[in-house]
Amino acid sequence: MDYAEKAMELHRKLRGKLEMHTRTETGTREALSIAYTPGVAAPCLAIKEDPAQSYELTRRWNTVAVVTDGTAVLGLGDIGPEAGMPVMEGKCILFKDFGDVDAIPLCIRSKNVDEIVHTVSLLAGSFGGINLEDISAPRCFEIEQKLQEACDIPVFHDDQHGTAIVVSAALINALKLTGKKMETIRVVQNGPGAAGTAIIKMLMSMGIKDIIAVDEHGILIPGRAAGLAGHKKELAEITNPRKVTGGLADAVKGADVFIGTSVPHCLTSEMVRSMNHDAIVFACANPTPEIFPEEAKAAGAAVVSTGRSDYPNQVNNVLVFPGLFRGVLDARASRVTEGMKIAAAHAIADMIPESELNTENILPLAFDANVKTAVAEAVKKAAVKDGVNRVEILGQYYQFIRLGFQGYKEVQYNSLMIAKYIHDEIAKMAPFVNYSEDVVNPLFIWYLKPEYAKAAKWTLYDLQDKLSQHGWMVPAYTLPSKLEDYVVMRVVVRQGFSRDMADMLLGDIKNAIAELEKLDITQQHICHI
């Protein structure tokens, strides 16, 4: 089939692959008066008072901007923003069909980093997240970093991190098959551009210690004469611990893994034969890989992956960004953390059951609808764990959060409610100092989880000082490593609770800590308080 010809026919026929549909009626005067003026003034004023309500009263909660400057579109290079629009429309379709995420293409007529950052940051209030797409390296690194600093919504460059996540997922399963360990393998990454650099950094965060980066000038090493500016200078300093020199052939000798995001046919059969036994080869140059799978396997590779759909084990970013943004939007995360990316990689890898794992089945198919759900759930959980979520997973207790602990005297006792309250504040890394009725920080943490207080380097006298700042004069000698019940009672009762109520509250707080453990709230969050 001539895909180019078919694509031209489709695009001429449709004149755009996206269109907008309304979600409410406007066919009557009453309906129009509710959806638009005068009724629409009410949500406007609500958002004015609390801008966070824009997530509750508009479609912002589910909308992502797909941003490009057209400088690195597919394999076409710098073709300009307008020429990149068909690709951006296609990306938006994938967001909707695979993640139920509404996406809008923004093709910017500028190559200036600061202009792009300024433009997108001014529009950030209309979106729940930003997906950067097809922006050339090294500018893409600076744009992503500056844009995340300027925005209170997550910024994700899919060409970098989407590829890194899929490659990491593939490597997790390939290592299971070969019996090798992350901590001991030797990895060669060829082509440290946008995707290659992100792959290196993510693999390092997952525990790989020996990675060599190779570009057109050879192995990256400090002091190399040619082509060692910007991000490559940084990579040279954090990779290649054995200080290997030379070219790609020198780098792959004895290596366990080759990961290519480079150019066609640069990895030869001889190079593969020089690698360690049961070599893993990810040849991701597209459409023509660094080496074709049949050639790599004939040379001794145990597991081979490419970016092509006509070979097994396709590295396809569709496995990542729909589910990742689904999770990001549902958690209303402020950014995408390394922990969220690693969680997504493990979720993708885990889609292949152990019984079905083999050398030609290390990654799920892009059309597997279960991938999106698995990735979204993993990302949401990691967002909570990393403290960047702004919507709690236990949303049914949202109203109780607004009441604070004073409201506890007015509602039915429920340990999950208390867990929700503590979880909300811990996840935001916010102390309870704004609450006159504060009875949790830091007293109950000391009482219920003294090991966390110790990890935070709180002494008994630090605790006494923290309590006295709230007007609670508690002698340090009454604060053993596990507080006595009567000390807790004394503080709780002082806040207006009866002794019976305090006793019930204390029991529910203990239950709440158990609920927090189920929510995977870990020591690091409590130590930030």
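Residues numbered from 1 in each chain as written. Predicted model: local features only at pLDDT ≥ 70, side-chain atom pairs only at ≥ 80, totals over all residues. Heavy atoms only, no water.

Q: What is the right way to read the pattern of salt bridges from this model?
A: Taken as a whole and judged by the stated rule, the model has 26 salt bridges. Across the pair K91 and D158 runs a salt bridge, and its minimum N-O distance is 2.4 Å. Within this pair, whereas K91 is found in helix α5 (residues 85-99), its partner D158 is found in helix α8 (residues 158-178), the two being separated by 67 residues in sequence. For the pair formed by K91 and D158, the shared burial category is buried. For K232, the salt bridge is made with E216, and the minimal N-O distance between the two is 3.8 Å. Pair noted here: K232 is in helix α10 (residues 231-238) and E216 is in the loop between β6 (210-215) and β7 (218-219), with a separation of 16 residues, a long-range link. The buried category is assigned to K232, whose relative accessible area is 15%. Put simply, R59, K96, D100 and D102 are held in one network by salt bridges that share partners. (Salt bridge = Lys/Arg side-chain N within 4 Å of Asp/Glu carboxyl O. Helix = DSSP H or I, 4+ residues; strand = E, 2+ residues; numbered from the N terminus. Buried < 20%, exposed > 50% of the residue type's maximum accessible area, 1.4 Å probe, protein only.)

Q: Looking at this model, I keep getting lost on the nonpolar core. Mind explaining?
A: For soluble globular proteins, the rule of thumb is that nonpolar side chains tend to be buried together. Counting 73 residues, the largest nonpolar core has I165, L171, F282, L324, M340 and I348 as the members making the most contacts within it. In contact with F282, not counting residues within four places along its chain, are V167, A170, L171, A174, F258, I259, G260, S305 and I362. In this structure, V244, M275, A279 and V281 belong to the second largest nonpolar core, which totals 23 residues. (Core = buried A, V, L, I, M, F, W, Y, C linked by side-chain atoms within 4.5 Å. Contact = heavy atoms within 4.5 Å.)

Q: Looking at this structure, how should I read a nonpolar patch on the surface?
A: A cluster of nonpolar residues, L74, L76 and I79, forms a patch on the protein surface that exposes about 300 Å² of accessible area. With a relative accessible area of 62%, L74 lands in the exposed category. (Patch = residues over 30% accessible without salt bridge, like charges linked within 9 Å, V, L, I, M, F, W, Y side chains within 5 Å. Areas by Shrake-Rupley, 256 points an atom, 1.4 Å probe, with all protein chains shown as cover.)

Q: What am I meant to see in the sheet that holds strand β5 (residues 186-190) here?
A: Pairing between the strands of a sheet comes from backbone hydrogen bonds, and it takes one of two forms, parallel or antiparallel. Read across the sheet, six strands follow the order β7-β6-β5-β8-β9-β10 without closing on themselves; strand pairing throughout is mixed. Each having just a single partner strand, β7 and β10 (301-306) make up the two edges of the open sheet. Relative to strand β8 (residues 257-260), β5 is paired through four bridges, and the arrangement is parallel. Paired with N190 across the two strands is G260, which belongs to β8. Seen against the sheet, helix α9 (residues 194-205) touches β5, β6 and β8 and runs at an angle of roughly 175° to β6. (Pairing = 2+ DSSP bridges. Axes fitted to C-alpha atoms, helices over the stretch in contact; angles between N-to-C directions.)

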